[in-house]
Amino acid sequence: LHSSRYGYKFQFYLYPNGVDDVTGVFMSIKFAIWRSEFDRLLAWPFSWNISLWVYDQLSKRPHIIDRFVPDPTSDSFSRPICERNPLSEIRRFYPI
């Protein structure tokens, strides 16, 4: 997933049943910035707010909308020097 045509390259992982200590209690999300051919054109560290939207397609629960503010001092948001930066996570994304 690219943030725009020449933008940052992301990968998101959704854990509907949570991870680690919140398994069975909260939905969790992990994400990473990947190296791409456009990195030289982008501002680093990545400091844009990330909006996450999860739509309930069955209309039984409200849609989930959240915003994540990255930590510009974290290696997760620096310019990737390997294939992928370390994962960031939101363990307590939404109660299940």
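How each quantity is defined
- Residues numbered from 1 in each chain as written.
- Predicted model: local features only at pLDDT ≥ 70, side-chain atom pairs only at ≥ 80, totals over all residues.
- Heavy atoms only, no water.
- Helix = DSSP H or I, 4+ residues; strand = E, 2+ residues; numbered from the N terminus.
- Buried < 20%, exposed > 50% of the residue type's maximum accessible area, 1.4 Å probe, protein only.
- Contact = heavy atoms within 4.5 Å.
- Areas by Shrake-Rupley, 256 points an atom, 1.4 Å probe, with all protein chains shown as cover.
- Pairing = 2+ DSSP bridges.
- Axes fitted to C-alpha atoms, helices over the stretch in contact; angles between N-to-C directions.
- Phe/Tyr/Trp six-rings, centres within 6.5 Å; stacked < 30°, edge-to-face > 60°.

## Thoughts on the overall build of the protein chain
Broken down by element type, the protein chain carries 0 helices and 5 strands. If you list the helices and strands of the protein chain from N to C, you get β-β-β-β-β. The burial tally for the protein chain puts 34% of its 96 residues in the buried class. Partitioning the intrachain contacts of the protein chain with sequence separation of at least 6 by distance along the chain shows that 57% fall at a separation of at least 24. Taken as a whole, the protein chain presents about 6500 Å² of accessible surface, with 54% of it coming from carbon and sulfur.

## What to know about the environment of leucine 42
The topology assignment puts leucine 42 in the loop between strand S2 (26–34) and strand S3 (50–54). Placed 49 residues apart in sequence, leucine 42 and arginine 91 show a C-alpha to C-alpha distance of 28 Å. Sequence-distant contacts of leucine 42, defined by excluding residues within four places in its chain, comprise Tyr6, Gly7 and Tyr8.

## A few points about the side chain of lysine 30
Within the fold, lysine 30 resides in strand S2. Those residues in contact with lysine 30 that sit more than four places away from it in its chain are Gln11, Phe12, Tyr13, Tyr15, Val19, Leu87, Ser88 and Glu89.

## Observations concerning the sheet that holds strand S1 (residues 9–15)
A sheet is described by the order of its strands in space; here 3 strands give the open sequence S1-S2-S5, paired in antiparallel fashion. Two strands bound the open sheet, and with one partner strand each, they are S1 and strand S5 (88–95). Neighbour to neighbour, the strand axes of the sheet diverge by 20 degrees on average, direction disregarded. Note that S1 and S2 share 7 bridges and pair antiparallel. Bridging across to S2, glutamine 11 finds its partner in alanine 32.

## Details of the environment of phenylalanine 26
Structurally, the position occupied by phenylalanine 26 is in strand S2. In sequence terms phenylalanine 26 and aspartate 71 are 45 residues apart; their C-alpha atoms lie 22 Å from each other. Ignoring anything within four residues of it in the chain, the contact list for phenylalanine 26 reads Asn17, Gly18, Arg91, Arg92, Tyr94, Pro95 and Ile96.

## Thoughts on the packing of aromatic side chains
Scanning the model with the defined rule gives 11 aromatic pairs in all. Taken together, a centroid distance of 5.1 Å and an interplanar angle of 80 degrees make the contact between tyrosine 8 and tryptophan 44 edge-to-face. Residue tyrosine 8 is located in the segment before S1, and its partner tryptophan 44 is located in the loop between S2 and S3; the two are separated by 36 residues in the primary sequence. Between phenylalanine 46 and phenylalanine 77 the ring centres are 6.3 Å apart and the planes differ by 25 degrees, which places this aromatic pair in the stacked class. Taken as a pair, phenylalanine 46 in the loop between S2 and S3 and phenylalanine 77 in the loop between strand S4 (64–68) and S5 lie far apart in primary sequence, 31 residues in all. Among the aromatic residues, ring-to-ring pairing joins Tyr8, Phe10, Phe12, Phe31, Trp44, Phe46, Phe68 and Phe77 into one connected group.

These figures come from the coordinates and say nothing about function on their own.
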